[in-house]
Amino acid sequence: MSLEQNPPSHSLSTRAVHTAAPADVQGRPVSVPIYQTTVYAHDDPALLTDSLDNPRGAFGYSRMANPTVRALENAVAGLEGAVGAVATASGMAAIHTALGANLRAGGHLVVQDSIYGGTTGLLNDLAARWDIRISQVPGDDPVALAAALTPDTAAVYLETISNPVTSVADVAGMSAVARERGVLTVVDNTFASPVLCRPLQLGADIVLHSATKYLGGHSDVTAGLVCYAADDAFVAGWKYAVATGPTMDPFGAWLVIRGLQTLALRVAAATDNAVELAARLAGHPGVGRVHHPSRPDHPQHALAERMLDGPGPMLAFDVTAGRQAAMEVLGRLRLLQNAPSLGGVETLAMHPASTSHRHYDAAALEQAGITDGTIRISTGVEDVEDLWADLSQALTPAR
Ligand SMILES: *Cc1c(COP(=O)(O)O)cnc(C)c1O
């Protein structure tokens, strides 16, 4: 490494400002460096112009592009089989970027009938603000989708595996119907992660993630990704993100890059744990329905076996004794933690009816498959015997 020093001809105050980075780093850094800079200097002015208009161009200003962030975008685009990706500061920013770039005032959206609560909130806001009409259909019903599409439909919005009862969307069937009518299919692939499903390969146009969950994987970074099947949609999405400004910061990108390195290992280990916990819960006398795609009585069990490379780490189950009993189960947990969010290495449990879905009325809860006793579990990578010991003591306390 050459030692660069600032020209001694300059005064101390000038030299203090102009610390030089090493001009020549011999050997490649094995970890992607954090480019904690908002702006880039160019000897060639044409490169600066390029950086402002081209998502694959030079680096000029970090709202448009940053080397650490681009490393993450390219990595996740590769995992999803996309032509390009835009990293965002949160999953909600990813959803807004994916939809906002494609919606017009007065337009129409078709949305899967049970989706993440935050997404429902955003869609209701867009509906009121921009006069967007929203139709709901089951995620596995292409016939209902065909009937719901209108000439104004901008997009169909699905979740590969939905919250909290793990419904599985028929991504291939739904996107084939949408494509025939010239409508984009947008898929939130947060619960499946690219390890279990690559929706673009099944015909979707845009796939997005809350990278806060499995991609990051350690409950320490809020982030999102939007991945595009086609170049024009990618460029339009990037321009919308540059204009509205939800783009990711380099340190957040670095944390997600680190999480990605163990994504496949984590998802596989957590899925194994979820399959085992779901089987044991199904045999427990205090438990009613168990929602997990591995279970033969799951409504999309066969679809999940065809479409997913594994049934996934998320599961839910009903405490038959009802709401108070479910709350007491959560209160007795010692290893599992009662917390929202998901996708980290630690196992989390929560009660949807009193938290994520507390604003739902009885009919909406029933439609979402949630009872008063439903508990959702985001399975982590701990030893499954320790997890079961804690769950079973919480379900059947010693008297
Ligand atoms: C958490 C989550 C989001 C929102 O992501 P944030 O990172 O919290 O903004 C969107 N979709 C799904 C399925 C989620 O689980």
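The shown structure was predicted, so the numbers you read here are calculated from the model rather than taken from an experiment.

The helix and strand tally for the protein chain stands at 15 helices and 12 strands. Computed over its C-alpha atoms, the radius of gyration of the protein chain comes to 23 Å, within 12% of the 21 Å expected for a compact globule of 399 residues. Overall, the protein chain is about 80 × 55 × 35 Å in size when its C-alpha atoms are taken along their principal axes. Per-residue burial for the protein chain yields a buried fraction of 50% across its 399 residues. In the protein chain, once contacts between residues fewer than 6 apart in sequence are set aside, the share between residues at least 24 apart is 72%.

Before going further, it helps to examine helix α13 (residues 323-332). Looking at α13, one finds that the buried residues are A325, A326, V329 and L330. Within α13, the buried residues cover an arc of 145° as seen down the axis, which keeps them to one side. Facing away from the buried surface of α13 by more than 90 degrees, the exposed residues are Q324 and G331. Elements that come into contact with the buried residues of α13 comprise β9 (314-319), β10 (337-338), β11 (348-350), β12 (374-378) and α15 (384-395).

With respect to burial, helix α10 (residues 250-260) is a largely interior element, 9 of its 11 residues being buried. Packing partners of the buried residues in α10 comprise α3 (67-80) and α11 (263-282). Where α10 begins, the side chain of D249 points an oxygen toward the backbone nitrogen of F251, at a separation of 3.2 Å.

If a probe as big as a water molecule is rolled over the atoms, it shows which places are left empty. Put simply, the largest pocket is a space of about 340 Å³. Partitioned by chemical class, the residues of the lining of the largest pocket number 6 nonpolar, 9 polar and 4 charged. Per-domain counts for the lining of the largest pocket show at least three residues from each of domain 1 (63-260) and domain 2 (264-398).

This part is about the pattern of salt bridges. In a structure, side chains of opposite charge can pair up when their charged atoms sit close to one another. For the coordinates displayed, the defined rule picks out 7 salt bridges. The partner of D125 in a salt bridge is R129, with the nearest N and O atoms 2.8 Å apart. Within this pair, D125 and its partner R129 are both found in helix α5 (residues 117-130), separated by 4 residues, close to a single helical turn. The class of D125 is partly exposed, set by a relative accessible area of 33%. In this structure, the salt-bridge partner of D205 is R179, at a minimum N-O distance of 2.9 Å. Here R179 lies in helix α7 (residues 171-180) and D205 lies in the loop between α8 (193-196) and β6 (206-210), a separation of 26 residues in the sequence. Connected through salt bridges with shared partners, the residues E276, R280 and E385 form a single ionic network.

On to empty space enclosed by the protein. Under the definition given, this model contains 2 cavities of 30 Å³ or more. Roughly 120 Å³ of volume is contained in the largest cavity. Within the residue set of the lining of the largest cavity, elements represented by two or more residues are α3 and β1 (84-88). Class assignment of the residues belonging to the lining of the largest cavity gives a composition of 9 nonpolar, 3 polar and 3 charged. Taken as a whole, the second largest cavity holds about 40 Å³ of empty space. If you go around the second largest cavity, the residues you meet are Y214, R266, V267, A270, G343, G344, V345, T379, G380 and V381. Taken together, the residues of the lining of the second largest cavity sort by class into 5 nonpolar, 4 polar and 1 charged.

The final tally for this structure, using the stated rule, is 0 disulfides. Cysteine C227 is unpaired, with the sulfur of C197 as its nearest cysteine sulfur at 12 Å. Overall, the relative accessible area of 0% leaves C227 in the buried class.

Taken together, the neighbourhood of the ligand is formed by 13 residues, with M92, D188, S210, T212 and K213 sitting nearest. Within the side chain of S210, an N or O atom sits 2.8 Å from an oxygen atom of the ligand. At 2.6 Å, a side-chain N or O of T212 approaches an oxygen atom of the ligand. About the coverage of the ligand: the protein hides 91% of its 380 Å² of free accessible area. Broken down by element, the shell around the ligand gets its largest block of residues, 3 residues, from helix α4 (residues 91-100).

Conventions and cut-offs
- Residues numbered from 1 in each chain as written.
- Predicted model: local features only at pLDDT ≥ 70, side-chain atom pairs only at ≥ 80, totals over all residues.
- Heavy atoms only, no water.
- Helix = DSSP H or I, 4+ residues; strand = E, 2+ residues; numbered from the N terminus.
- Rg over C-alpha atoms; globule rule 2.2 N^0.38 Å.
- Buried < 20%, exposed > 50% of the residue type's maximum accessible area, 1.4 Å probe, protein only.
- Contact = heavy atoms within 4.5 Å.
- Arc of directions from axis to C-beta.
- Polar contact = N/O pair within 3.5 Å; in protein donor to acceptor, adjacent residues only side chain to side chain.
- 1 Å grid on protein atoms, 1.4 Å probe; cavity = no way out; pocket = protein on both sides within 12 Å on 5 of 7 lines; lining within 4 Å.
- Points joined across faces, edges and corners; volume = space filled by probe spheres on them.
- Nonpolar A, V, L, I, M, F, W, Y, C, P; charged D, E, K, R; others polar.
- Domains from an automatic or database assignment.
- Salt bridge = Lys/Arg side-chain N within 4 Å of Asp/Glu carboxyl O.
- Disulfide = S-S within 2.5 Å.
- Near = heavy atom within 4 Å.
- Areas by Shrake-Rupley, 256 points an atom, 1.4 Å probe, with all protein chains shown as cover.

Nothing here speaks to function; it is geometry throughout.
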